[in-house]
Amino acid sequence: MSLIRKLLPPLISGALFGAGLTVSGMTDPARVRGFLDVFGQWDPTLVFVMGGAVLVMAVAWRIQSRMAHPVFGEKFSLPDRSDLDRPLIVGSILFGVGWGIAGLCPGPAIASLALSPLSVLPFVAAMLAGMALQKLLTQRARAA
Amino acid sequence: MTFDAFPYAQPLHGLVGGLLIGLAAAMMLLGAGRIAGVSGITARATGLGKGDMSPSSAWGFLAGLPIGAAVVAVLLGLAPARFAEWPVLVVAGLLVGFGTRMGSGCTSGHGVCGVSRFSARSIVATVTFIAAGVITVALIGALS
């Protein structure tokens, strides 16, 4: 019972997120690549997706700034860095290249496991391998 | 609702989906006090990343993504999307996994949660991965 109570809020948040990605067509790689195809047949749908999400979240941040702690927790645990470093830029470039190649980013890829499991599985498996490789290289660089 | 200039765009679907995504991220922020960043949550769930989120909450969120996607696909009667061939997906997946970890986030964490908070790191990351995606799609289009 306590496990269900603990799992339910993140599960509902994830389900809403997956529903939003699917309603907006973001689980269709062709639509995402259409957004990136600025010099071809540009499809601006993603602008509306990001706009709608940012709008709601901008309000949420205003509410958050007046809260002492989250509704179901003791404290907020949020990123607090503001420096622009090399890994941020290089990592974002690598991500953008992969995003452009396949028209997939992590959210839609995992959501697609329900819609086209076999087609998207190579991407999800490779994504986890890429994350593991990044962790390994970072640990090695720290040790050296 | 359609645009004559952009026949492929689905602005209303995009906006509704975007609002749902924003709501999901707002729930994570105000409820659990955390960022709904899919790449970070994936790393947390698989033990590839550190963080304050419990692995069970991370798995709860990730399990929600395909559940929400499946519900919408059934309700709207969506046909499965088309994905690239598996070798292409593997290359893209490696880049997305490595890049999102190196750059500390993806479309959800930087693009939605960070941009709406006016985080300088997230704005720079978002502009960078969209630019990299645009250039990648343009190059692939020019070469094929």
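Values in this document were obtained by computation on a predicted structure and should not be read as measured data. (Residues numbered from 1 in each chain as written. Chains lettered and ligands numbered in written order. Predicted model: local features only at pLDDT ≥ 70, side-chain atom pairs only at ≥ 80, totals over all residues. Heavy atoms only, no water.)

## So, the overall build of chain A
Then, number 1: For chain A, the helix and strand inventory stands at six helices and zero strands.
Then, number 2: Overall size of chain A, expressed as C-alpha extent along the three principal axes, is 45 × 45 × 35 Å.
Then, number 3: Within chain A, buried positions represent 47% of all 144 residues.
Then, number 4: The contacts of chain A with a sequence gap of at least 6 include a subset with a gap of at least 24, amounting to 35%.
Then, number 5: Counting 12 positive and 7 negative side-chain charges, chain A places the centres of these two groups 8 Å from one another. (Helix = DSSP H or I, 4+ residues; strand = E, 2+ residues; numbered from the N terminus. Buried < 20%, exposed > 50% of the residue type's maximum accessible area, 1.4 Å probe, protein only. Contact = heavy atoms within 4.5 Å. Lys, Arg positive; Asp, Glu negative; His and termini not counted. Charge placed at Lys NZ, Arg CZ, Asp CG, Glu CD.)

## Some remarks on the layout of surface pockets
Then, number 1: When its volume is computed, the largest pocket comes out at roughly 1500 Å³.
Then, number 2: Lining the largest pocket we find 45 residues, and of these B:Gly40, B:Lys50, B:Arg101, B:Ser104 and B:Gly105 sit closest to its centre.
Then, number 3: For the lining of the largest pocket, the secondary-structure elements that each account for two or more residues are helix H4 (86-102) and helix H6 (117-143) of chain A together with helix H2 (38-45), helix H4 (86-102), helix H5 (107-114) and helix H6 (120-143) of chain B.
Then, number 4: Per-element accounting of the lining of the largest pocket gives the leading share, eight residues, to H6(A).
Then, number 5: As a volume, the second largest pocket reaches approximately 480 Å³.
Then, number 6: In terms of lining, the second largest pocket is formed by 20 residues, of which the most central are A:Phe72, A:Gly73, B:Ala32, B:Arg34 and B:Ser57.
Then, number 7: Broken down by secondary-structure element, the contributors of at least two residues to the lining of the second largest pocket are helix H1 (2-23) of chain A together with helix H1 (11-32) of chain B.
Then, number 8: No other element matches H1(A), which puts six residues into the lining of the second largest pocket.
Then, number 9: Here the residues of the lining of the second largest pocket sort into eight nonpolar, six polar and six charged. (1 Å grid on protein atoms, 1.4 Å probe; cavity = no way out; pocket = protein on both sides within 12 Å on 5 of 7 lines; lining within 4 Å. Points joined across faces, edges and corners; volume = space filled by probe spheres on them. Nonpolar A, V, L, I, M, F, W, Y, C, P; charged D, E, K, R; others polar.)

## Some thoughts on the UniProt feature "transmembrane region" (unreviewed entry) in chain A
Residues and elements named next belong to chain A.
Then, number 1: Under the local residue numbering, the UniProt record ascribes the feature "transmembrane region" (unreviewed entry) to residues 7-26, 46-63, 84-104 and 110-133.
Then, number 2: Between the C-alpha atoms that bound residues 46-63 the distance is 26 Å, and the span itself is 100% helix and 0% strand.
Then, number 3: A distance of 25 Å separates the end C-alpha atoms of residues 84-104, which is 81% helix and 0% strand. (UniProt positions renumbered as here; feature names shortened; annotations may be inferred.)

## Some thoughts on the interface of chain A and chain B
Then, number 1: With 102 residues of chain A at the interface, the matching set in chain B holds 102 residues.
Then, number 2: Here chain A packs against chain B, burying approximately 9000 Å² in sum over the two surfaces, 79% of which is carbon and sulfur.
Then, number 3: For the pair chain A and chain B, the number of links is three salt bridges.
Then, number 4: Across the salt bridge formed by A:Asp85 and B:Arg121, the nearest N and O atoms sit 3.1 Å from each other.
Then, number 5: Between chain A and chain B we count 15 residue pairs in polar contact (both at pLDDT 80 or more) in total.
Then, number 6: At the level of secondary structure, the elements contributing two or more residues to the side of chain A that touches chain B comprise H1, helix H2 (29-36), helix H3 (45-64), H4, helix H5 (106-111) and H6 of chain A.
Then, number 7: Looking at the side of chain A that touches chain B element by element, the count peaks at 17 residues for H1(A). (Buried area = accessible area lost by both parts, 1.4 Å probe. Salt bridge = Lys/Arg side-chain N within 4 Å of Asp/Glu carboxyl O. Polar contact = N/O pair within 3.5 Å; in protein donor to acceptor, adjacent residues only side chain to side chain.)

## Examining the packing of aromatic side chains
Then, number 1: Scanning the model with the defined rule gives six aromatic pairs over all chains in all.
Then, number 2: Plain terms: the ring middles of A:Phe95 and B:Phe129 are 4.8 Å apart, the flat faces sit at 65° to each other, and that makes the pair edge-to-face. Of the two residues, A:Phe95 sits in helix H4 while B:Phe129 sits in helix H6, which places them in two different chains. For the pair A:Phe95 and B:Phe129, one class covers both residues: buried. (Phe/Tyr/Trp six-rings, centres within 6.5 Å; stacked < 30°, edge-to-face > 60°.)

## Points about empty space enclosed by the protein
Then, number 1: One pass over the full model with this rule turns up one cavity of 30 Å³ or more.
Then, number 2: Empty space within the largest cavity amounts to approximately 200 Å³.
Then, number 3: For the largest cavity, the lining is made up of 17 residues, of which A:Leu21, A:Met26, A:Val49, A:Cys105 and B:Thr107 are closest to its centre.
Then, number 4: Put simply, the parts of the chain that give the lining of the largest cavity at least two residues each are H1, H3 and H5 of chain A together with H5 of chain B.
Then, number 5: The residue makeup of the lining of the largest cavity, split by class, is 14 nonpolar, three polar and no charged.

## Topic: a nonpolar patch on the surface
All names here are of chain B.
Then, number 1: Together, Ile-67, Val-71, Leu-75, Leu-76 and Leu-78 make up an exposed nonpolar region whose accessible area comes to about 470 Å².
Then, number 2: As for its placement among the helices and strands, Leu-75 is situated in helix H3 (residues 55-76).
Then, number 3: The exposure class assigned to Leu-75 is exposed, which follows from its relative accessible area of 69%. (Patch = residues over 30% accessible without salt bridge, like charges linked within 9 Å, V, L, I, M, F, W, Y side chains within 5 Å. Areas by Shrake-Rupley, 256 points an atom, 1.4 Å probe, with all protein chains shown as cover.)

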